[in-house]
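Notes for the structure review
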Amino acid sequence: MSGLQAIRTGTATCLTCGMLGSPIPKPVCKRCGSSLHFRKPNNIQRTWAYLIAAYVLYLPANLLPITITRSIFGTQHDTIMSGVVYLWHSGSWAISLIVFIASVVVPLLKLFSLTLLVISVQRRWCGEVMRRAKLYRILEAIGRWSMLDVYVVTILVALVRAESLATISPGSGVLAFAAVVILSMLAAMAFDPRLIWDPLDETQPKENVK
Amino acid sequence: MNLGKNSAASVTSNNFPTGNSRSRKELLIWIVPALAVLIAIGLAVQAVLMRGPEITIQFPTAEGLEVNKTKIKYKDVEIGMATSIALSDDQRSVKVTVAMAKQAESLLVKDSRFWIVRPRIGAGGISGLSTMLSGAFISIDPGSSHEPYHNFIGLDTPPLIVSGMSGRQFLLTADDLGSLDIGAPVYYRRIPVGRVVGYAMHPDGKAVSVRIFVDAPFDRFVTTASRFWHASGIDVSLDSEGVKMDIQSLVSLAVGGVAFTNSSDAKDVAMEEALAESEFPLFNDRTDALKVPDTLVQKFVLIFDESVRGLTVGSPVDFRGLPAGEVSRIDLDVRSAGADVTMAVEISLYPDRLASRQRDQSAQTQSSSSLRQIIDSMVVNGLRAQLRTANLLTGQRYVALDFFPKAKATQMNWAQTIPQLPTQAGSLDSLQDQLQSVVEAMHKTLEHTDKLVVNIDKNVIPELSATLIDARSTLNQAERVLASDSPTQLQLRDTLREVGRAATAVRDLADLLERHPQALITGRK
């Protein structure tokens with residue numbers, strides 16, 4: 001890929017104010033005082049850490065109840081999937097699909113794609129660079145929408161407070177789900193997309209590298 | 001392309017210096033996944049630990065049950081959830097698979113019972129109303145056994161006694177079930193203290209045993225002297241004592257019931273609490289129940305010439321106002337080619353009741369021979385049985401035993417299988433007979449009177465009229481004699497005047513003599 005890499009000139013872009021500067025000897029932006037790195041420090045390791053945590057918590061997020069409805073009809077525990085199944089059976093296929101995609105598929109896809117990106121960087125793949133970049137952009141964009149479920153539960157819990165008639169309280173699944181979403185967002189943030197292009201340059205003969 | 005296996009970290013630290021060397025601080029990030037793993041493992045372990053045994057329960061029907069909705073509750077605590085509902089292998093019942101909670105493991109023993117709680121309107125009222133909204137649930141009554149068990153057969157109806165209910169069960173033996181049903185209340189002093197929990201036919205089919213449960217603390221009122229009776233519905237009895245109506249309660253009116261009390265006769269007898277599973281007779285009504293138990297029964301046959309209308313089996317036998325027994329059988333007694341039809345009434349006499357006051361001693365020691373002696377002497381003294389009307393309105397009759405000193409002397413014949421007690425024609429019947437004879441006599445008298453009148457008509461009246469004519473002429477003559485201008489009258493007047501003068505002369509003489517008595521001798525001076 002053509003173009004000059006900042007790292008090759010011994011400079012790095014400040015992620016806060018965008019100023020080019022040298023992180024050596026002090027990794028601090030001269031203009032705004034933010035920390036300045038050629039690449040985000042430890043980013044692969046951190047991404048992995050967040051990813052693994054997210055993967056682990058994905059299971060309880062889907063298995064544990066996200067809402068506990070206590071009404072005069074009895075107590076009902078609902079998981080995300082039971083909600084999807086209920087909506088599907090009651091005929092609301094569209095809503096059922098939306099919930100399924102937003103709450104089950106998207107977080108999983110996010111985790112998978114991030115995993116793919118990290119592995120590709122680690123293995124220093126050179127192909128499909130543009131697609132991987134695009135994937136990262138989509139990842140960043142849809143990340144916040146995954147919290148939809150948590151918002152819905154929060155609103156339900158706040159709204160349905162008819163005491164003895166019906167109350168909804170959040171189940172522990174919501175915590176796990178929120179943790180998954182936050183962890184995947186953190187993982188996406190920890191990931192340094194610049195690493196996608198690094199292997200391209202490395203294939204060329206190294207010059208001016210300290 | 002470099003496809004080396006260098007880690008990304010080494011890439012960044014070696015090829016792309018970051019300014020920060022890899023430090024312990026950076027390892028801290030691995031705490032995040034470690035925590036996540038810990039949480040997940042914790043949840044998994046908890047789930048595994050919470051997971052109790054899986055059991056199957058067979059029910060006749062799965063009405064109201066839903067997979068993953070129907071819960072198992074014990075004391076209203078959820079301890080399980082139905083995970084599948086399927087037909088049993090023989091297609092006759094429904095097999096419900098239930099995932100039980102770990103904590104419920106100890107409840108799953110061999111004699112644990114399961115039933116479905118649905119809204120139910122039963123004898124004792126309405127139950128399970130809350131399940132109208134929440135849906136049916138399965139309830140469990142843990143058994144007392146220690147043998148773990150996982151394949152249960154559910155009950156059709158909720159059990160009436162669940163473990164943890166303190167009280168005792170008793171068995172009642174009755175001739176028939178009456179209107180009792182399972183769940184019917186048991187009353188003590190009109191307070192519901194228990195219920196009927198079951199009934200069964202005796203193996204020989206001659207009686208019914210009713211199982212009742214009396215709740216604590218009332219169960220201690222069931223004593224060896226307790227008497228039980230049917231408190232079912234309205235007890236209207238129309239007997240020789242008039243109309244009696246007795247209703248225990250509206251509930252028992254609908255579903256029947258059992259009442260008991262402690263016999264007042266037993267006050268001096270030590271009242272011991274009855275043991276659980278004790279057997280008691282179940283009487284038809286309170287009166288029956290409270291009768292002194294008649295241990296000794298002496299049967300007699302009474303031969304009546306008159307109609308026994310109004311007398312029924314069970315009619316009282318009364319000894320001078322004291323109930324002494326009852327009629328046990330009424331038969332026709334056809335003797336000698338049907339010419340002489342009499343009524344044979346068999347009575348059961350309870351000689352205990354006729355015994356002397358020291359009932360507890362003499363009655364029990366009284367042998368049948370001494371009883372015979374007593375009866376013999378009574379019969380010699382005129383003891384007779386008589387049919388009497390107890391209630392003029394209904395025509396109820398009873399057998400009265402009384403002394404009729406003027407009765408024909410007879411002897412008891414104890415040789416017969418059922419000895420015959422001499423009878424006396426009924427009071428009303430004798431009255432009727434007497435009335436009839438009176439009427440007959442009157443009739444005769446009237447006939448005589450009639451004859452007399454005819455006689456008078458024929459013979460006396462003509463003579464009488466002649467006599468009257470004579471009398472009239474006599475009177476006319478008398479009138480004539482007595483008229484004021486008749487010569488007889490004038491003569492009579494003169495005579496009377498003369499008599500007056502004579503009287504005056506006599507008075508003068510008397511005066512003179514009074515004043516001068518000597519004039520009688522000397523004469524007037």
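Residues numbered from 1 in each chain as written. Chains lettered and ligands numbered in written order. Predicted model: local features only at pLDDT ≥ 70, side-chain atom pairs only at ≥ 80, totals over all residues. Heavy atoms only, no water.

Take the overall build of chain B next. The helix and strand inventory of chain B stands at 12 helices and 26 strands. Of all 525 residues assigned to chain B, the portion counted as buried reaches 34%. Sequence separation of 24 or more characterises 65% of the internal contacts of chain B that already satisfy a separation of 6 or more. Split by element, the accessible area of chain B, about 32800 Å² in all, is 57% carbon and sulfur. (Helix = DSSP H or I, 4+ residues; strand = E, 2+ residues; numbered from the N terminus. Buried < 20%, exposed > 50% of the residue type's maximum accessible area, 1.4 Å probe, protein only. Contact = heavy atoms within 4.5 Å. Areas by Shrake-Rupley, 256 points an atom, 1.4 Å probe, with all protein chains shown as cover.)

So, on to the nonpolar core. Residues Leu51, Leu114, Leu117 and Phe191 of chain A are the most contacted members of the largest nonpolar core, which totals 46 residues. Put simply, the parts of the chain that give this core at least two residues each are α1 (43–63), α2 (80–89), α3 (93–122), α4 (129–143), α5 (148–159) and α6 (172–190) of chain A together with α3 (31–50) of chain B. In contact with phenylalanine 191 of chain A, other than residues within four places in its own chain, are Lys40, Thr47, Leu117, Val118, Val121, Tyr136 and Ile196 of chain A. If you look at the next biggest cluster of nonpolar residues, it comprises 25 residues, including Leu302, Phe319, Met343 and Val399 of chain B. (Core = buried A, V, L, I, M, F, W, Y, C linked by side-chain atoms within 4.5 Å.)

All names here are of chain A. Here α1 contains 21 residues, and its C-alpha end-to-end distance of 30 Å stays within 8% of the 30 Å for a straight helix at 1.5 Å per residue. Approximately 25° is the largest bend angle found in α1, and it occurs at leucine 57, with the proline proline 60 only one to four residues beyond. Within α1, 16 of the 21 residues are buried, leaving the element largely enclosed by the surrounding structure. (Expected span 1.5 Å × (residues − 1). Bend = angle between axes of the 7 residues up to and from the residue.)

A few words on the sheet that holds strand β4 (residues 94–101) of chain B. Residue and element names in this part refer to chain B. Taken together, the 7 strands give an open sheet; going across it, the order is β5-β8-β2-β3-β4-β1-β9, and neighbouring strands pair in mixed fashion. With one partner strand each, in any of the chains shown, β5 (113–117) and β9 (151–153) form the two edges of the open sheet. If you compare each strand with its neighbour and ignore which way they point, the axes differ by 30° on average. The pairing of strand β3 (residues 77–87) with β4 spans 7 bridges and is classified as antiparallel. (Pairing = 2+ DSSP bridges. Axes fitted to C-alpha atoms, helices over the stretch in contact; angles between N-to-C directions.)

On to the packing of aromatic side chains, then. Residues and elements named next belong to chain B. Following the criterion strictly, the structure yields 12 aromatic pairs over all chains and no others. Put simply, the rings of Phe170, Tyr188, Phe218, Phe221, Phe228, Phe260 and Phe280 touch in pairs and so form one group of aromatic residues. A cation over a ring is seen here: lysine 73 above phenylalanine 137, with NZ or CZ 4.7 Å from the ring centre. (Phe/Tyr/Trp six-rings, centres within 6.5 Å; stacked < 30°, edge-to-face > 60°. Lys NZ or Arg CZ within 6 Å of the ring centre and 35° of its normal.)

Residues and elements named next belong to chain B. Pairing is mixed in the closed barrel, where 7 strands are placed in the order β10-β13-β12-β11-β17-β14-β18. Here the average twist between neighbouring strands, direction ignored, is 35°. Alignment of strand β12 (residues 191–201) against strand β13 (residues 208–215), held across 7 bridges, turns out to be antiparallel. Residue pairing for β13: valine 196 is matched across the bridge by isoleucine 212.

Quick look at the pairing of strand β8 (residues 137–141) of chain B now. Residues and elements named next belong to chain B. Across the 5 residues of β8, 5 count as buried, placing the element largely inside the fold. Neither face of β8 is exposed, since Phe137, Ser139 and Asp141 on one face and Ile138 and Ile140 on the opposite face are all buried. With 2 bridges joining them, strand β2 (residues 71–74) and β8 adopt parallel strand pairing. By the bridge assignment, isoleucine 72 is partnered in β8 with isoleucine 138. Note that β5 and β8 share 5 bridges and pair antiparallel. Residue pairing for β8: isoleucine 116 is matched across the bridge by isoleucine 138.

All names here are of chain B. The step from alanine 216 to proline 217 runs through a cis peptide bond, and the omega angle for that step is 5°. By secondary structure assignment, the location of proline 217 is in the loop between β13 and β14 (226–230). Of note in the backbone geometry, glutamine 91 takes a positive phi value of approximately 65° without being a glycine. Inspection of the secondary structure assignment puts glutamine 91 in the loop between β3 and β4. By relative accessible area, which is 55% here, glutamine 91 ends up exposed. Even without being glycine, arginine 189 reaches a positive phi, approximately 50°. Mapped onto the fold, arginine 189 is located in the loop between β11 (185–188) and β12.

To continue, consider the pattern of salt bridges. Two side chains bearing opposite charge may form a pair once their charged atoms approach each other closely. All names here are of chain B. In total, this model carries 11 salt bridges over all chains according to the counting rule given. The partner of glutamate 346 in a salt bridge is lysine 299, and the shortest N-O contact between them spans 3.3 Å. Of this pair, glutamate 346 sits in strand β22 (residues 340–349) while lysine 299 sits in strand β19 (residues 298–304), and the two are 47 residues apart along the sequence. Accessibility expressed as a relative area gives 35% for lysine 299, which makes it partly exposed. (Salt bridge = Lys/Arg side-chain N within 4 Å of Asp/Glu carboxyl O.)

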